[in-house]
Amino acid sequence: MIMPIDKFKSLRSTAVPLPIENVDTDQIIPARFLKAIERKGFGDNLFRDWRYDQHDHPIRDFVLNSSLYCGSILVAGENFGSGSSREHAAWALYDYGFRVVVSSFFADIFKNNALNNGLLPVQVTPEYLEKIFRAIRKSPETKFEVDLENQLFRILDTEEDFRFEISAYKKECLLKGYDDIDYLLSLKNRIETFENQQG
């Protein structure tokens, strides 16, 4: 069974800071947890080897185990999602509850996998990324706004905006909650009309 993708238009949320560079997909979801073929249940093992020690006890100083931070936005260091092409990394982030990941650079395959699974990767400049981290350090309760329609990320306390890029096709899919197959099905009538005109 394929899990439906939620529509994404805008979001206001606090954020979880992960100021670590070069986070690869094996760190996001270790290979030993890739047995399932559905997009659910992976959130339990998101960043598993950073969240838990070898005895499955939570590691207190890891950010996902901290009561200070919560929210639907993950703010990560540069080069997020490198390594293998596993789609499960996007599944794990989405299943955990993240809807947006912010970084100054994403691996292309991860970026595409995220967009295909309802997770919005927002690429910002290193300078703006540091402003986000600074705002969170100042107050973990700082809220941010993500406006997909206008392609804006905003630090609400300072009203500093950043306009991010996204392909028109992927933007439409996120706004409507479509995966690639849903998008093609939405064009069914237009495709049939075109075929009839040709024949």
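Trainee: Would you explain unusual backbone geometry in this entry?
Mentor: Excluding glycine, residues mostly have negative phi values, and the peptide bonds linking residues are mostly trans. In the Ramachandran plot, Asn22 falls in the positive-phi region, its phi being about 60 degrees despite a non-glycine side chain. Within the secondary structure layout, Asn22 lies in the loop between β2 (15-18) and α1 (25-28). Positive phi is not limited to glycine here, since Asp56 has a value of about 65 degrees. Note that Asp56 resides in the loop between α2 (48-51) and β3 (73-76).

Trainee: Just to check I follow, could you spell out the side chain of Thr25 for this structure?
Mentor: Note that Thr25 resides in helix α1. On the basis of relative accessible area, Thr25 is assigned to the buried category, the value being 2%. Side chain to side chain, Thr25 and Ser84 meet in a polar contact 2.9 Å long. Thr25 has contacts with Gly81, Ser82, Gly83, Ser84, Arg86 and Ala89, leaving out every residue within four places of it along the chain.

Trainee: What exactly am I supposed to notice about the side chain of Ser13 here?
Mentor: Note that Ser13 resides in strand β1 (residues 10-13). Here the side chain of Ser13 touches Ser72 through a polar contact of 2.9 Å, landing on its backbone nitrogen. Those residues within four positions of Ser13 in sequence are excluded, and the remaining contacts are Gly71, Ser72, Ile73, Thr142, Lys143 and Phe144.

Trainee: Quick question: what am I supposed to make of the packing of aromatic side chains here?
Mentor: Two numbers describe a pair of aromatic rings. These are the distance of the centres and the angle of the planes. Counting across every chain of the model gives 11 aromatic pairs. On the numbers, 6.4 Å between centres and 85 degrees between planes, the contact of Phe80 with Phe106 is edge-to-face. Taken together, the residues span a long stretch of sequence, with Phe80 in the loop between β3 and α3 (88-96) and Phe106 in the loop between β4 (100-103) and α4 (108-116) at a distance of 26 residues. Phe106 matches Phe80 in its accessibility class, with the two residues each being buried.

Trainee: For this particular structure, what's the right way to read the sheet that holds β3?
Mentor: Paired through their backbone hydrogen bonds, the strands of a sheet run either parallel or antiparallel. The strand order β2-β3-β4-β5 describes an open sheet built from four strands, whose pairing is parallel. The open sheet has two edge strands with one neighbour each: β2 and β5 (120-123). Averaged over all neighbouring strand pairs, the angle between strand axes comes to 20 degrees, with direction disregarded. Pairing of β2 with β3, which is carried by four bridges, proceeds in the parallel orientation. Residue pairing for β3: Val16 is matched across the bridge by Leu74. Of the strands in this sheet, β2, β3 and β4 are in contact with helix α5 (residues 126-138), which crosses β3 at around 115 degrees.

Rules of the game
- Residues numbered from 1 in each chain as written.
- Predicted model: local features only at pLDDT ≥ 70, side-chain atom pairs only at ≥ 80, totals over all residues.
- Heavy atoms only, no water.
- Helix = DSSP H or I, 4+ residues; strand = E, 2+ residues; numbered from the N terminus.
- Buried < 20%, exposed > 50% of the residue type's maximum accessible area, 1.4 Å probe, protein only.
- Polar contact = N/O pair within 3.5 Å; in protein donor to acceptor, adjacent residues only side chain to side chain.
- Contact = heavy atoms within 4.5 Å.
- Phe/Tyr/Trp six-rings, centres within 6.5 Å; stacked < 30°, edge-to-face > 60°.
- Pairing = 2+ DSSP bridges.
- Axes fitted to C-alpha atoms, helices over the stretch in contact; angles between N-to-C directions.

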